[in-house]
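# Commentary on secondary and tertiary structure
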Amino acid sequence: MEYRLISIFYCFAYVYLLILCLLRNVTALVEHFDHQLRGTRLSGCDFSQGSWIYDDTYPLYNSSLCSFIEKQFNCEGNGRSDKLYLKYRWKPQQCELPKFNGQDFLERMKGKKIMFVGDSLSLNQWQSLTCMLHAAVPQSNFTLQRKGDLSTFYFQDYNISLMLFRNAFLVDLVKEKKGRILKLDSIQNGDSWKGFDMLIFNTWHWWLHKGSAKAWDYIQKGDKLYKDMDRLIAFNEGLKTWSKWVDSNIDPSHTKVFFQGISPTHYNGAEWNATKGTTCNHETQPITGSTYPGGPPPAVAVVKGVLSNMSTAVGLLDVTQLSQLRKDGHPSIYGIDGQNGNDCSHWCLAGVPDTWNQFLYAILVMGGKSINLNY
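Residues numbered from 1 in each chain as written. Predicted model: local features only at pLDDT ≥ 70, side-chain atom pairs only at ≥ 80, totals over all residues. Heavy atoms only, no water.

Looking at an unreviewed UniProt entry, one finds the protein chain named Protein trichome birefringence-like 38, with Forsythia ovata as its source organism. Entered under Subcellular location (unreviewed entry) in the UniProt record, the comment concerning the protein chain runs "Membrane". (UniProt positions renumbered as here; feature names shortened; annotations may be inferred.)

In structure tokens:
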């Protein structure tokens, strides 16, 4: 009888310990997935949920004093006369975004190398950050070099390199005898992204192009070539290849990784309940409130799905909804093509991408040890 009681005791103890271990593993797993997507969710506040409010202290910098600004983003310099679009600040529902302090950013990142990797929306954000930082320390020495797909903005006084590597798809686009081939499961160009303290990735814009604007002649997956395929499926496959590259090549104790999120366009006024044929042109104010009538682009779900399945913690800069509310923030006819074009894809600077960089700064300030780069 005594032996049976001892056996029962050990049996219960074993089951108890097993359940405890399982609960700890589940908790760790939940914390892992939460960290994967938390980027803009810190200290109990989701920065991505909120609305735009008028703030007369804005913009954060004067574009005319940012001498290196790209012509396509310099809406004021290209003749845009309405100025209201410059005067809006993003207000999260549950908290305040930390005020951007460019000098503090530079001190925190002293001696570091940061690289943006992606398409022209990465260029938009990278250029925004260089203008924001230059405005904070206008007397600080800097150099700007462009060589092929690589641009480097170097703050000499802080030994900080802010780099942009232009790559529209992240996966490889190569020229072969058959033509231009987008290889969904190849990412040889990733060797150029190693050795950085911070990486901010972005892709989606070019996956939607059709006809003569399409960048490829064939899409390749494995040994099969396709003339075309469902763009969301292709995007998902390409992003999974990128995620595997990050998991295999990035040491999160040395390199912090972010994904920029999906930047929306405003070519279809029906999405914000405007009259038929309305685009971003002539729009001068944001959408009121915190909800975009058209809902999120389907690519958002793809990004979140891929990030949630990664073993490496990747912070999501969830910029989609706040950017959707800014139908007024695009260059429209004040972009690189002037009156001959209507750019409702990119963003004026100063403008919306400044808030994307405020998110990045907020993560650095509020993210705690998991985001601390002073290792």
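### Observations concerning the sheet that holds strand β10 (residues 179-183)
Ordered by their spatial adjacency, four strands build an open sheet running β9-β10-β12-β13, and the pairing between neighbours is mixed. Both edges of this open sheet fall to β9 (172-176) and β13 (224-226), since each of them pairs with a single strand only. Here the strands of the sheet are splayed against their neighbours by 30° on average, with no regard to which way each runs. By the bridge criterion, three bridges tie β10 to strand β12 (residues 218-221) in an arrangement that is parallel. The partner of L182 across the bridge, within β12, is I219. (Pairing = 2+ DSSP bridges. Helix = DSSP H or I, 4+ residues; strand = E, 2+ residues; numbered from the N terminus. Axes fitted to C-alpha atoms, helices over the stretch in contact; angles between N-to-C directions.)

### Digging into the packing of aromatic side chains
In the structure shown here, the tally under the stated rule is 20 aromatic pairs. On the numbers, 5.1 Å between centres and 75° between planes, the contact of W193 with W245 is edge-to-face. Of this pair, W193 sits in the loop between β10 and β11 (198-201) while W245 sits in helix α4 (residues 231-249); the two residues are 52 residues apart in sequence, bridging distant segments of the chain. There is no split in this pair, since W193 and W245 are both buried. (Phe/Tyr/Trp six-rings, centres within 6.5 Å; stacked < 30°, edge-to-face > 60°. Buried < 20%, exposed > 50% of the residue type's maximum accessible area, 1.4 Å probe, protein only.)

### So, the pairing of β11
Both faces of β11 are covered, namely the face carrying M198 and I200 and the face carrying L199 and F201. In this sheet, β11 lies alongside strand β5 (residues 113-118) in parallel orientation, the contact comprising four bridges. Bridge pairing links F116 to I200 in β11. Where β11 meets strand β14 (residues 256-259), four bridges bridge the pair, whose relative direction is parallel. Paired with F201 across the strands is F259, a residue of β14.

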